Amino acid sequence: MKALRGQTVVQKGALAPNGFLVPRGQVRSSARGVASPSLIGERSLGIRAALPIVRQQAGLHWSSKKRHSVVVAVSAPEQQDTKFAVDETFSLPKGNETVRATVEQKADGAQTVRLTTSLQAGRLLLHWGVEGGKDYQGGWRLPSTCRPPGTKQYKDRALQSPFQVDDQGSHLFIMLSAEEASDVLNFVLKDEATNTWYDNSGSNFRLPLHGEASGKPSTGTQVIPKALADKWAWMRWDHQGRPQQSMPDANKDYDRGVEEMRALMGVGRSMDELWRVAEGKWPYPKYLDEVEHPAFGDKYDAFKVREEQAAASGVSLGPIPVELLSVQAYICWEKAGQPQGADFADEARRVIEDRVRGGATYEQLAKEMNLEPTWKKDEGKPQPEQQAPQQHEAKQAPPAAPSEVGKPLGAPKRNPLDLVKPQGQAPVLSEGKSQKREMPLDFLEARWAIDPSTKWRRKYGLGNKSEMLVVVRQKEETDPIRVDFITDRADKLILHWGVSKPGSRSWKLPPAEMRDEDSKEATELALESPFLECDDEDECDLEFMGAKVPLQRRTITLPADSWVGAISCVLRSADATMWYKDGGGDFLIPVPCKHVKEGTQLDAMPQLTDDLSREIVDAENSGAWTLMHRFNKATDLINNVANGQYDLDPADGFARIYAWLRYSATRKLTWQRNYNTQPRQLSGSQDRLTGTIASTHARTTGEPQEWVRMMLTTVGRGGDGQKIRDEILNIMHRNNIPEKKGLWIEDWHQKLHNNTTPDDVPICEAYLAYLEQNGSTGAYWRVLADAGVTRERLESFDRPVRGEPQWFDGKKDALIRDFRNYLGILKSVHSGADLQAAASAAGNQVPDGVRGYLAYVMGHVGDSQTLPLMEAAVEARTELAPALPGNRELLYLDLALEDQARQAAERGVGAAGFGAAAFMRPLLQNLALSLGNNEEVCYCLKAWQELPKSVRHGGRPTKDEALLAVAVVNRIRRAISEVSDNVVKRIGDVGKAYGQAFGVEAWASELFAEEVVRGGPAFAVSLNISGIEPTLRNAAELGAWQVISPQEVVGVVEYVDGLHDVQEKTYEKPTVLVASQVSGEEEIPEGVVAVLTPDAPDVLSHVSVRARNMRVLFATCHDPEPLEQIKAAAGTTLHFTTTASGAVHWNEAHASEVEAASDSKAADKPSKGLKISIPKWPGKWVVGMDEYKDGVVGAKSKNIAGLRGKMPDWISLPASVTLPFGSYEQALEAKENADIKAQIQSRVARINARQPNSNNGGAPAGEQQEQGGDEASTLLAECRELAMQVHVPPEVKQQLTEAMTAAGIPVPDSEERWAKAMEAIKGVWASKYNDRAYISLRKIGLSFDDVRMAVLVQRVVPAHYAFVIHTRNPSNNDPNEIFCELVRGLGESLVSGMVAGSAVAFKANKKDLDSPEVLCYASKSEGMFVGESLIFRSDSNGEDLEGYAGAGLYESITMDATKTLPVDYLEDKLVTDVDYRQQLLARICKVGAAIEDTLGSAQDVEGVVEEDGSITVVQTRPQV
């Protein structure tokens, strides 16, 4: 259905404004949006937050209600008992159609309403309800008796009455008796034939039913919708010029708006009229002139009138204590009948004020309410004015209020999965575009790209589809250096050029040995050399599209020992009418130079192989370069990436541009070099760049869009840069400040006039601090230092700012006012993500649903109440999200709100304790809104919201609740680790290479990616985890280990006071450090394999990221006893492992493990006496279960067969057949596989021939082993590839068919499915050569080539759950305990390590199997699933050696590909139904006990639970 103009389709079940429910597919005019859940300002929030406490103190039950309105009592003279009429016409959102409504009120109070309309409709209904009347209790009232004929009640929310149709149109009469008389009729229209709704711009039509419309004030209480109050406050703020406001000022201005509306309604102005004004249909300035000023005068202030009335009463009213106000608001709410959706804060304030004017005190009122006063007796009294300090005496800033959690804002409930961002829904970047257009010089560039003598090359556009290719070549270091400039431009060109020393960009006149006869001195620093016709057949004979391309070339030759580091140049036409530059700057051509000091080489191209990075680095090496040049270049490069002009993934391309711009934003790159940029030029380039970023944001989705959005954090929005230049001069003139050299303000004026930069924002803020603290130079330097602006930087500007500000007597207030306004101008250009600047720039583009939340955030920035501020910022972002794509101003606002949420977390987490758990929901939502690929974070948010309130609200969770929470926290930690790792993957190496190329300090480039992570929303989540996890783990009785980087390691224990003390040390042996202090900023020393600490650095700290990247075990222990035990073992070599439940176990290492630790590439180790028996092929390709014997099949097959007839009836066993030992080797003997066999044997021989302690040319032993290990890994990979090419004899298929049919196993029913089965068999065979098995066997002195692989074939049991049982608890080797793990889906997600996270872990004592104990819940995000299929399980002779843990070394493969799908354990019956969980876990434990009893030894069992609860054991083997 096509919506009418100005209308939107409302989905089924959507709640229309004021309580009307609109069915699916109906048309509504554009809605005003969702009302903010609280008043702007702290009063209303404090009242709402305290109400539950108030009710509790009164001994009553409290049910929190979401507020949508503000109650306003309108005083009125006594109601006149006279007849009067109302006649009002409402416009419909369809052409010029209207509804006319007339109201007559009889002397007895009865009311008659007549509605007529000319709207053409199939069957027109009035959808209506009333407000006010006898015993009215708020909300919507449906008259019980006075209903027109045909009226039906709609879901207890409204009445629907049909219009009558005649020649005059459609009309309807409503007769309300005196008993039913009401104040207001609310209605919308519905065409039932077409399901079309007609409303009043997203709200209901409101028809006054008494004297309000005739100018007589109404009686009783009128409800102003909260959305209207928010809009009115926003409109007033906008009308005032959007001034910066403190929180008290914002509160007061909001109250002024409410009083203004109250006064207008008191003189008969309608609510509908106020809506029209608030929505801009009646411009507010015009409304003031036409209505308000004639009624009240242009100086009228309703809020001030109320204050004056209070003063006239002789009573001084200060702030009402929040506890008192809360109780009174509750009493008013109770008296009104507890109406849903109303807030009685304002009415409560009036009641209290009236009582105080009557002589009561706050303490007396509290006593009447049985409320214990907690406020000071003098609270609310005006305080005497403090004497202003002397002119130059610095004032101390008041201490900030300590952070606290605060009460929740009452954010709407959302389904987190609705926040999942679609992938690939926006047009693919270069979709619909032609491939990159070929250009004439492409052939030459490609040829020189593979020329080994090429040291550098670059192609530049010259306009009109022409280009210039520059190539630097040198065959040997002793050969001359040749630089060729080649162009296909038609007009004659001149090269205007000079040279520079290495590390310098200053032009110098080329030395004589570089000049040709036709080169002439153009200036004292440059030569001019003409391009010549290129007639070299080898290099210039170029055809393009069938025609020869005429080329021009200029060649410059440098001697091999030249001191020149670069050639700087521009081009001009021969007639000097045209000049050609590189993005407004010089072309800079780096050349090899022997006289280069380390770190000063201009060209870092060896590390940057992609063309985009080359262009970026080349541009930064230009001679003349400013922010303007950089922004213009970035604009071009963004367009190039978006149009697919580079051989890069779009996310990689945009990430590279972001990394470059971030280096610029953090002042690591020059902002001005050899060029002056006027403010309007800079703002113009910013405007172009940010506009391009915004448009690219609309064209992208997923991760590319995320990087595009992040670019806006590195550049101001632009705007009217000329104002920067003009206004500073205006300020000086207005305040009679002379343009006198030597004045600080004149130095700054010259800098601003010459080249404004983002530094000017903190300079202005520092000057304001200087003024506000009465000339405190300490305040001035403190603000600059906080912003990273040093004295040296100020003095390094092209127009330096020297010294310190001077004080101008008598000008303080005027200068503060002027420079506050000037700061706004600077921020509008340079600080796009500044909240105030972003909100001001967004203006009327801000969606209605955002405004209330935004106003709250702006009024509470830095508030000590952390949670409501955080929630308001995140809810504003959520409402903003649909409008973001392509909207620059809203994107900046979104970034500013994201930053507010992050800052609130950083302020509040430390002081909140476990109360910080309340922050997790908004912080996860904040992260989800920022990520491009946010599905997993949304699932984490959903899981968190499904936790019990005792966790979510920071209460006192039970052990089981805490266990659930720990599982969710582990999932969240993993999700944010993936965010961190992805950032490192995208910009880690690139950032380091850029840093080197740009000459950035090594530490800055080394930490580049990490600082990006720490500045983003994921870090706030990480910080919050660190704050709440110790409490959760303690409540869950999990012990104190928090494993940040799980690894299995062996090392010598050493204790240190702090990791910082040893971070530069190199350990010769693998070492486990126990460090008392770890701040999170340290490096992990070389040779360290584990760091254990009582400190709790967050998950995304530097040391945590390093540990994961270096595969170092890193764990925090909150219990001192385990660490003391490990410390006591200093000097001993220990073996550390981590468990599924997040604990750390250790034991003294065996000699072989010590050697293995020193040789991570698995050198030969002394044998433990184990030996693999090499079985022979039994002469047949497939054996059934009756033929499972030693030497024929492995323990998996034998054990399954041995259980037949011995298990209880409720335990099923799968039918099985097996390809026996030796089948793979026998297949290699086939004639078709002779060549493959020879190649495999060759590679196996090379692997076995490796001698780890051989001399190997004198290389160090560690280096030898690393080289050998890499070679073995490569050879093993080649063996696997060859094994997959083996031709499987046709007898295999034939015998499988017969055996599977006999066993009742489904046989593949097509050649295609048989091909899949053969691939699966070969995959199991090939796993003989996997690296893990090879290394593991070498550690115990066995050869991987002795392994023989049987393949167990079974039907895949449709698994709802899969489990693994260890009938002897492996964590403590207790034979009396059974330990089990359980996951959703296939067991591969449990045993293969392919799905990250923990399973449900539980144990039971064998004497009480009906009472299993859950040790941890699942934190896995995904499960593995497959349809009807077969599974081919490895069953080798190397997996079940006594004392050798070979389980899981080899592959088990399903015939059909498995699917990895998201799973939500917290919605699973396993979690939600306690009885079901206990019964299922007990049954699984009993399975393990039954199998152990049958086989007579501890077993490692795998099985599945089907949807109907039936259990099948799929394999079992002896537990090691």
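Everything quoted here is computed from the prediction, not taken from an experiment.

Draft legend 1. Examining the overall build of the protein chain more closely. Helices and strands together make up the secondary structure of the protein chain, namely 47 helices and 53 strands. In the protein chain, buried positions account for 55% of the 1520 residues. When contacts within the protein chain are restricted to residue pairs at least 6 apart in sequence, long-range pairs at least 24 apart make up 69% of them. As displayed, the protein chain has an accessible area near 64,900 Å², and 47% of this comes from carbon and sulfur atoms.

Draft legend 2. Expanded view of the packing of helix α30 (residues 959-998) against helix α33 (residues 1017-1035). Contact geometry for α30 and α33: axes closest at 10 Å, N-to-C directions at 155°. By the angle class used here, α30 and α33 are roughly antiparallel. Our pair here, α30 against α33, has a crossing hand that is left-handed. Along the contact surface, α30 presents K959, A962, A965, V966, V969, N970, I972, R973, I976 and V979, while α33 presents A1018, V1021, S1022, I1025, I1028, E1029, L1032, R1033 and A1035. By residue class, the composition of the contact of α30 with α33 is 13 nonpolar, two polar and four charged.

Draft legend 3. Representation of a negative patch on the surface in the model. Together, E935, E978, D981 and E1422 make up a region of like negative charge exposed at the surface. Looking at the element boundaries, E935 is found in helix α28 (residues 935-945).

Draft legend 4. Seen up close, the environment of A1303. In this fold, A1303 is placed in helix α42 (residues 1290-1303). In this structure A1303 touches A1215, S1216 and V1217, once residues within four positions along its chain are discounted.

Draft legend 5. Molecular detail of the confidence of the model for the protein chain. For the protein chain, the mean per-residue pLDDT works out to 80, and 80% of the residues sit at or above 70. Low confidence marks residues 425-434, where pLDDT is under 50. Its contacts with residues over four positions away, or in another chain, come to 17 contacts. For residues 1160-1168, every residue scores under 50 in pLDDT, and the model assigns this stretch 27 contacts once sequence neighbours within four places are set aside.

Draft legend 6. Highlighting the sheet that holds strand β47 (residues 1413-1416). Read across the sheet, seven strands follow the order β41-β53-β52-β44-β45-β46-β47 without closing on themselves; strand pairing throughout is mixed. Each edge of the open sheet carries a strand with a single partner, namely β41 (1211-1212) and β47. When strand β46 (residues 1400-1405) meets β47, the two strands line up antiparallel, connected through three bridges. Paired with A1401 across the two strands is C1416, which belongs to β47. Across the sheet, helix α38 (residues 1195-1202) touches β52 (1499-1505) and β53 (1511-1518), and the angle it forms with β53 is around 125°.

Draft legend 7. Expanded view of the sheet that holds strand β36 (residues 1086-1093). Taken together, seven strands build an open sheet; the order of strands is β33-β37-β36-β35-β34-β38-β39 and the sheet is mixed. Of all strands in the sheet, those bounded by a partner on one side alone are β33 (1041-1045) and β39 (1144-1148). Across the sheet, the mean angle separating the axes of adjacent strands is 35° when strand polarity is ignored.

Draft legend 8. Here's a closer look at the state of the cysteines. Within this structure, the stated rule accounts for zero disulfides. Take C938: it sits in no disulfide, and the sulfur closest to it among the cysteines is that of C940, at 9.1 Å. Relative accessible area serves as the criterion here: at 0%, C938 is assigned to the buried category.

Draft legend 9. Here's a closer look at the pairing of strand β37 (residues 1113-1117). Counting buried positions along β37 yields five of five residues, so the element is predominantly enclosed. Sheet analysis places β33 next to β37, joined by four bridges and oriented antiparallel. Note that in β37 the partner of W1041 across the bridge is C1117. Relative to β37, β36 is paired through four bridges, and the arrangement is parallel. Its bridge partner being in β37, L1092 is matched across the sheet by A1115.

Draft legend 10. Representation of the nonpolar core in the model. Ranked by internal contacts, the top residues of the largest apolar core, which has 176 residues, are W660, L854, L893, W944, I987, F998 and I1484. When residues in this core are grouped by element, the largest group, 19 residues, is from α30. Apart from the residues within four sequence positions on either side, F998 is in contact with I616, V617, E620, W660, Y663 and L669. L1276, V1286, L1296 and V1353 belong to the second largest nonpolar core, which has 50 residues in total.

Draft legend 11. Representation of helix α26 (residues 888-912). When the terminal C-alpha atoms of α26 are compared, their 36 Å separation across 25 residues agrees well with the 36 Å that a helix rising 1.5 Å per residue should span. The largest bend along α26 reaches roughly 25° and is located at E906. Of all 25 residues in α26, 19 are buried; the element is thus mostly enclosed. In this structure N887 caps α26, since a side-chain oxygen of it lies 3.2 Å from the backbone nitrogen of E889.

Draft legend 12. How the structure looks around the pairing of strand β8 (residues 111-117). With respect to burial, β8 is a largely interior element, six of its seven residues being buried. Inspection of the sheet shows strand β7 (residues 98-105) paired to β8 by seven bridges, in the antiparallel sense. Within the sheet, the bridge partner assigned to R100 lies in β8 and is T116. Hairpin connection from β7 to β8: five residues lie between these consecutive antiparallel strands, with G109 at a positive phi of about 100°.

Draft legend 13. Structural context of the environment of L274. Structurally, L274 can be placed in helix α4 (residues 271-278). A relative accessible area of 0% places L274 in the buried class. In this structure, the C-alpha to C-alpha distance between L274 and A229, residues 45 residues apart in sequence, is 9.9 Å. In this structure L274 touches L228, W232, M261, L264, M265 and Y287, once residues within four positions along its chain are discounted.

Draft legend 14. Examining the packing of aromatic side chains more closely. Enumeration over the complete set of coordinates arrives at 27 aromatic pairs. Aromatic side chains F819 and Y822 sit 6.1 Å apart centroid to centroid with 85° between the ring planes, which places their arrangement in the edge-to-face category. Of this pair, F819 and Y822 both sit in helix α22 (residues 812-830), three residues apart, which is roughly one turn of the helix. Comparing F819 with Y822 shows no difference in burial state: the two are buried. Connected via pairs of aromatic rings, a cluster forms that spans W744, W748, Y767, Y770, Y780, W781, W807, F819 and Y822. The ring centre of W448 lies 5.7 Å from the NZ or CZ of R447, which sits over that ring.

Draft legend 15. Highlighting α30. In this model α30 runs 54 Å from its N-terminal to its C-terminal C-alpha over 40 residues, within 8% of the 58 Å that 1.5 Å per residue would give. Where α30 bends most, at I987, the angle is about 40°. Within α30, 28 of the 40 residues are buried, leaving the element largely enclosed by the surrounding structure. Directly beyond the C-terminal end of α30, a positive phi value near 75° is found at G999.

Draft legend 16. Summary view of the pattern of salt bridges. Across all of its chains, the model carries 79 salt bridges by this definition. Two residues, D1186 and R1204, come together in a salt bridge whose shortest N-O distance is 3.1 Å. With a gap of 18 residues between them, D1186 in the loop between β40 (1183-1184) and α38 and R1204 in the loop between α38 and β41 connect regions that are remote in the sequence. Owing to a relative accessible area of 64%, D1186 belongs among the exposed residues under this scheme. Assessed through its relative accessible area of 38%, R1204 is described here as partly exposed. Ionic pairing is found between E1311 and K1293, a salt bridge with its closest N-O pair at 2.7 Å. Of the two residues, E1311 sits in helix α43 (residues 1311-1326) while K1293 sits in helix α42, which places them 18 residues apart along the sequence.

Draft legend 17. Representation of the packing of helix α17 (residues 722-734) against helix α18 (residues 744-755). At a minimum axis separation of 9 Å, α17 and α18 run at an interaxial angle of 160°. What the angle tells us is that α17 and α18 run roughly antiparallel. In the crossing of α17 with α18, the sense of the turn from one axis to the other is left-handed. Facing α17, whose interface residues are I724, R725, I728, L729 and M732, α18 presents I745, E746, W748, H749, L752 and H753.

Draft legend 18. Looking closely at the environment of E1086. In this fold, E1086 is placed in strand β36. When neighbours within four sequence positions are excluded, E1086 is seen to be in contact with K1065, T1066 and Y1067.

Draft legend 19. Quick peek at the side chain of Q160. Relative to the elements of secondary structure, Q160 occurs in strand β11 (residues 158-162). Given the relative accessible area of 11%, Q160 is considered buried. At a separation of 2.9 Å, a polar atom in the side chain of Q160 contacts the side chain of H127. With near-sequence residues (within four places) excluded, Q160 lies in contact with L125, L126, H127, G150, T151, K152, Y154, K190 and W197.

Parameters at a glance
- Residues numbered from 1 in each chain as written.
- Predicted model: local features only at pLDDT ≥ 70, side-chain atom pairs only at ≥ 80, totals over all residues.
- Heavy atoms only, no water.
- Helix = DSSP H or I, 4+ residues; strand = E, 2+ residues; numbered from the N terminus.
- Buried < 20%, exposed > 50% of the residue type's maximum accessible area, 1.4 Å probe, protein only.
- Contact = heavy atoms within 4.5 Å.
- Areas by Shrake-Rupley, 256 points an atom, 1.4 Å probe, with all protein chains shown as cover.
- Axes fitted to C-alpha atoms, helices over the stretch in contact; angles between N-to-C directions.
- Parallel < 35°, antiparallel > 145°, perpendicular 65-115°, else oblique.
- Left-handed = near helix turned anticlockwise from the far one by under 90°.
- Nonpolar A, V, L, I, M, F, W, Y, C, P; charged D, E, K, R; others polar.
- Patch = residues over 30% accessible without salt bridge, like charges linked within 9 Å, V, L, I, M, F, W, Y side chains within 5 Å.
- Salt bridge = Lys/Arg side-chain N within 4 Å of Asp/Glu carboxyl O.
- Lys, Arg positive; Asp, Glu negative; His and termini not counted.
- Charge placed at Lys NZ, Arg CZ, Asp CG, Glu CD.
- pLDDT = per-residue confidence, 0-100.
- Pairing = 2+ DSSP bridges.
- Disulfide = S-S within 2.5 Å.
- Core = buried A, V, L, I, M, F, W, Y, C linked by side-chain atoms within 4.5 Å.
- Expected span 1.5 Å × (residues − 1).
- Bend = angle between axes of the 7 residues up to and from the residue.
- Polar contact = N/O pair within 3.5 Å; in protein donor to acceptor, adjacent residues only side chain to side chain.
- Phe/Tyr/Trp six-rings, centres within 6.5 Å; stacked < 30°, edge-to-face > 60°.
- Lys NZ or Arg CZ within 6 Å of the ring centre and 35° of its normal.

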